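Chain by chain, the residues run as shown.
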Amino acid sequence: PPSKNIIIKEYKKHLGLGLKKYYNQYHVSPYHLQIVENFNIQYYPSDGGYKVWHNERDRFGFHERSLVFMTYLNDVPDGGGTEFMWYPEFKVNAKKGLSLIWPTDFTHTHRGIISEHEKYIARKVISTYNENNEDEELVYELEKYTEPKPKVMKTVWVKDKDCPNLKVPTRKRV
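The following refers to the structure shown. (Residues numbered from 1 in each chain as written. Predicted model: local features only at pLDDT ≥ 70, side-chain atom pairs only at ≥ 80, totals over all residues. Heavy atoms only, no water.)

1. Digging into a nonpolar patch on the surface
Step number 1: Taken together, the side chains of I41, Y43, L73 and Y120 define a hydrophobic patch exposed on the protein surface, amounting to about 380 Å² of accessible area.
Step number 2: Structurally, Y43 is set in strand β2 (residues 40-44).
Step number 3: According to the relative accessible area criterion, Y43 is partly exposed, its value standing at 41%. (Patch = residues over 30% accessible without salt bridge, like charges linked within 9 Å, V, L, I, M, F, W, Y side chains within 5 Å. Areas by Shrake-Rupley, 256 points an atom, 1.4 Å probe, with all protein chains shown as cover. Salt bridge = Lys/Arg side-chain N within 4 Å of Asp/Glu carboxyl O. Helix = DSSP H or I, 4+ residues; strand = E, 2+ residues; numbered from the N terminus. Buried < 20%, exposed > 50% of the residue type's maximum accessible area, 1.4 Å probe, protein only.)

2. Considering the pattern of salt bridges
Step number 1: If you walk through the whole model with that rule in mind, you get five salt bridges.
Step number 2: For D75, the salt bridge goes to K95, with nearest N and O atoms at 3.9 Å. Residue D75 is found in the loop between β3 (65-72) and β4 (82-84), and its partner K95 is found in the loop between β5 (87-92) and β6 (99-103); the two are separated by 20 residues along the sequence.
Step number 3: Judged by relative accessible area, D75 falls into the partly exposed class, the value being 42%.
Step number 4: K91 is the partner of E83 in a salt bridge, and the nearest nitrogen-oxygen pair spans 3.5 Å.

3. Quick notes on the nonpolar core
Step number 1: Counting residues in each nonpolar core, the largest one holds twelve residues, listed as Y44, V68, M70, Y72, V76, F84, V92, A94, L100, W102, I121 and V125.
Step number 2: Every element with two or more residues in this core is listed here: β3, β6 and β8 (119-128).
Step number 3: The greatest single-element share of this core, amounting to three residues, is contributed by β3. (Core = buried A, V, L, I, M, F, W, Y, C linked by side-chain atoms within 4.5 Å.)

4. Re the pairing of β8
Step number 1: Burial analysis of β8 places eight of its ten residues in the buried class, which makes it a mostly covered element.
Step number 2: Across five bridges, the pairing between β2 and β8 is antiparallel. By the bridge assignment for β8, N40 is matched with R123.
Step number 3: When β3 meets β8, the two strands line up antiparallel, connected through seven bridges. (Pairing = 2+ DSSP bridges.)

5. Observations concerning the packing of aromatic side chains
Step number 1: This model, assessed by the stated rule, comprises three aromatic pairs.
Step number 2: Judged by centre distance (6.0 Å) and plane angle (35°), the ring pair of F84 and F90 falls under tilted.
Step number 3: Taking relative accessible area as the criterion, F90 reaches 32% and is therefore assigned partly exposed.
Step number 4: One aromatic cluster is present, formed by F84, F90 and W102 through successive ring pairs. (Phe/Tyr/Trp six-rings, centres within 6.5 Å; stacked < 30°, edge-to-face > 60°.)

6. A closer look at the environment of N5
Step number 1: Mapped onto the fold, N5 is located in the segment before α1 (6-26).
Step number 2: You can call N5 partly exposed: its relative accessible area is 38%.
Step number 3: Among the polar contacts made by the side chain of N5, one reaches the main-chain amide nitrogen of I7 at a distance of 2.7 Å. (Polar contact = N/O pair within 3.5 Å; in protein donor to acceptor, adjacent residues only side chain to side chain.)

7. Side note on the side chain of E83
Step number 1: With respect to the helices and strands, E83 occurs in strand β4.
Step number 2: Apart from the residues lying within four places of it in its own chain, the contact partners of E83 are W53, F90, K91, T109, H110, R111 and I113. (Contact = heavy atoms within 4.5 Å.)

8. Focus: the sheet that holds β4
Step number 1: Spatially, three strands are ordered β5-β4-β7 in an open sheet, and the strand pairing comes out antiparallel. Looking along the sheet, the strands with just one partner apiece sit at the ends: β5 and β7 (110-112). Averaged over neighbouring strand pairs, the angle between their axes works out to 20° when direction is ignored.
Step number 2: Here three bridges tie β4 to β5, and the two strands are oriented antiparallel to one another. (Axes fitted to C-alpha atoms, helices over the stretch in contact; angles between N-to-C directions.)

In structure tokens:
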């Protein structure tokens, strides 16, 4: 059921806006995606964390998962963020309020960076359409989404600014 907590409502509103930007940037239609799993708020004590490389589709039965988002709920002085296996130079420090959105597949295999300090995160998975929608508020935000008018697109290889030794295919408007 939708939360009545004003903070949760505002958070979901901002997540919806972030997802819309993600959809626009990567030219994905949100209409086949839905949030069907409960919110997780996770606590990691000093020297704790999810230390194993993993992705959100690495188990049987998770094939409907498409995107995941995570928000750091506190600053971690020594970093304590997240690293991605295939982007070794891209490490994200845990900064209160910072939200990440990424695909759930093997291309974004990741793990937590262990810290001497405790860490709190909020996370949730977005799946392909499923009739059991448990998050009406965020879906409502996404329903207000309108796709941009189509423009001519072409695929080009670009250097990733965060990983100078990596070139990735991307779609550019021309």
